[in-house]
Structures are given as structure tokens and as C-alpha cells.
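Structure at a glance
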Amino acid sequence: MSESSALVPLQLEQRRLIHREDSVRRQSDAFREIRTRLLWLGGEHNFVTLVVPVSPRSGGSFVARNLATAFAFDEAKTSLLIDCNLRYPAQHKALGVDASTGGLIDYLEHPAAGIQSVLYRTGIPRLRLIPAGKPRENGGEYFSSFRMRAVIDSLRCRYLDRYLFLDGPAIKGSPDARILSDLADFVVVVAGYGRDTPATISHAVANFDANKVAGVVFNHAP
């Protein structure tokens, strides 16, 4: 999964992405710590991680793409980021990806096109993106479908070094995050620092199987 036109550090910073240089060392180390925690929980096998914010604008998508990038730092691993926020898809724009051939929903509706048609390079070696595709108000019918589970299982099992990251919608006000958690091995909850109260965070975490909750990340970035 080499990248013929890999982004340089300045381009990565413009996209608010971590890299290996000293200018973002503190941020990179923070995401590496989360990566270490997940790898300790996951053991020897690859896994699927759902990243969901407590409420909108808490920075869940920011955390999801940087966590996927942190895994891609390891040359023995590959990352696949899947945008599952159907109401407000943002990952393709944040990563500067031209998603002209569609995304997740397009594939689920027309699987004959093949999953490769919605797998995009990101400019980051070993990191690929499946964008959300056409916006949808309600993702529940897609996320709970047999086809969705089948595609997640296939993407995970085809390459044993591949780690999947689902960028989910806010927990507050939508059942989609809980539905997506059934597809994941771990759930990382993102709380907006100074935005989400302890009571709101506790209520959000209670939506998920306690054995799947890897932890809560407090985030400043929107």
C-alpha cells in the first residue's frame, strides 16, 4: 500500500493530520498512546474501532482520521478509515479526496460495482478511505443490514494487517452510533473539552457494551 504522491508534513498539517516530524510531536504522541491502548486490548488480531463523538462538533472525525493515521505509521500495519456519518460526511473533504466514484452507501446499494471502486488513496502511505457517499438522513437501515456486516467482515479478514476505523455520527440525538457499535470490536468515545458535561458523557458511554468501550478521548479540536 505504497503512496506514489505522499503528502509532505506541511500538507498534512494543513489537513490537520499528525506526522512524524517534531512540529506536531505532542499531538502525534497523544494518538500513539491511544493506538498503544487499542493494540493492548486487541492482542494479536486486527480489529474494528468505532470512533464517535458525544455531541456534534466535538471532533469525532478529527480523532478518527488521526487515529487511523497513527496506525498507518507502523510499516507492518495498514489502516482503512470508513466514513459512517451519513448525514454530515466530511472525511473526503478533510483528506482532500475526490470521491467522484462514490462511497459506502453507493456500494451498499450497488455492490456489483465492487468495493475497489470506493477505496481511495489519501496521500498517506498505508491509509485508505471509504467515504460515506451520497448523504442520507438515516443510516440505521444500512448499518443494520446483512450487506454492511458482510463488507466489514470482508474488509477485515482479507488482510490480517488491516485495522478498520469507523467514523460514526454523534451519539446524542441518533441511534446510528449504537447500531454501528454492533459491527465494532472497540468503541472510542470523543468528548468535546469544555463542551460535554460529565453527566452527558456518562449517559453517552452507557449506550454501548461496557466490554467494548476502550475509553473516552477529551478533544479541543472541532
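Everything below is about the structure printed above this text.
Presented here is an overview of the structure given in this document. Within any chain, residue numbers begin from 1 and follow the written order of that chain's sequence. Only residues with pLDDT of at least 70 are given local features in this predicted model, and only at 80 or more are side-chain atom pairs given and counted; all residues enter the totals for whole chains, interfaces and linings. Hydrogen atoms and water are omitted, and side-chain values are computed over all heavy atoms in the structure.

**Looking at the sheet that holds strand S2 (residues 78-83)**
Strand order in the open sheet made by the seven strands is S3-S4-S2-S5-S1-S6-S7, with mixed pairing throughout. If you trace the sheet from one side to the other, it starts and ends with strand S3 (120-121) and strand S7 (213-219), each paired once. Looking at chain direction, strand S6 (residues 186-192) and S7 are connected through six bridges and run parallel. The partner of Val190 across the bridge, within S7, is Val217. Working rule for contacts: check all heavy atoms of both residues, and any pair within 4.5 Å makes them a contact. Every axis corresponds to a line fitted to the C-alpha atoms, with the helix fit spanning only the stretch in contact, and the corresponding angles, defined between N-to-C directions, vary from 0 to 180 degrees. Under the DSSP-based scheme used, a helix requires at least four consecutive residues in state H or I and a strand at least two consecutive residues in state E, with every element numbered from the N terminus. Running at roughly 175° to strand S5 (residues 162-167), helix H3 (residues 60-72) makes contact with strand S1 (48-53), S2, strand S4 (127-130), S5, S6 and S7 of the sheet. For two strands to pair, DSSP has to find at least two bridges joining them.

**With respect to the pattern of salt bridges**
When a carboxyl oxygen of Asp or Glu lies within 4 Å of a side-chain nitrogen of Lys or Arg, that pair is called a salt bridge. Applying the stated criterion across every chain yields a total of six salt bridges. With its nearest N and O atoms 3.4 Å apart, the salt bridge here joins Asp29 to Arg32. Of this pair, Asp29 and Arg32 both sit in helix H2 (residues 25-42), three residues apart, roughly one helical turn. The buried label goes to any residue with under 20% of its type's maximum accessible area, the exposed label to any with over 50%, and the partly exposed label to all in between, with areas taken from a 1.4 Å probe on protein chains only. Its relative accessible area of 33% is what places Asp29 among the partly exposed residues. Its salt-bridge partner being Lys77, residue Asp74 comes within 2.8 Å of it at the nearest N-O pair. What makes Asp74 partly exposed here is its relative accessible area of 26%. Judged by relative accessible area, Lys77 falls into the buried class, the value being 15%. A cluster of three or more residues bridged by salt bridges with shared partners is formed by Asp106, Glu109 and Lys134.

**Section: H3**
Three- or four-residue spacings in an α-helix give side chains the same orientation, since the helix completes a turn every 3.6 residues. To estimate how far a helix should extend, the number of its residues minus one is multiplied by 1.5 Å. Taking 1.5 Å of rise per residue, 13 residues should cover 18 Å, and H3 covers 18 Å from first to last C-alpha, within 8% of that figure. Counted residue by residue, H3 has 13 buried out of 13 residues, so it is predominantly covered.

**Overview of the packing of aromatic side chains**
The geometry of two aromatic rings is summed up by the distance between their centres and the angle between their planes. Here the aromatic set is Phe, Tyr and Trp, taking the six-membered ring for Trp, and pairing holds for ring centres within 6.5 Å; pairs whose planes are under 30 degrees apart are stacked, those over 60 apart are edge-to-face, and all others are tilted. The tally for this structure, following the rule as stated, stands at six aromatic pairs. Between Phe47 and Phe71 the ring centres are 6.0 Å apart and the planes differ by 90°, which places this aromatic pair in the edge-to-face class. With Phe47 in the loop between H2 and S1 and Phe71 in helix H3, this pair connects stretches of sequence that are 24 residues apart. Phe71 carries the same exposure label as Phe47, and that label is buried. Here the aromatic residues Phe47, Phe71, Tyr163, Phe165 and Phe186 are joined through ring pairs into a cluster of three or more.

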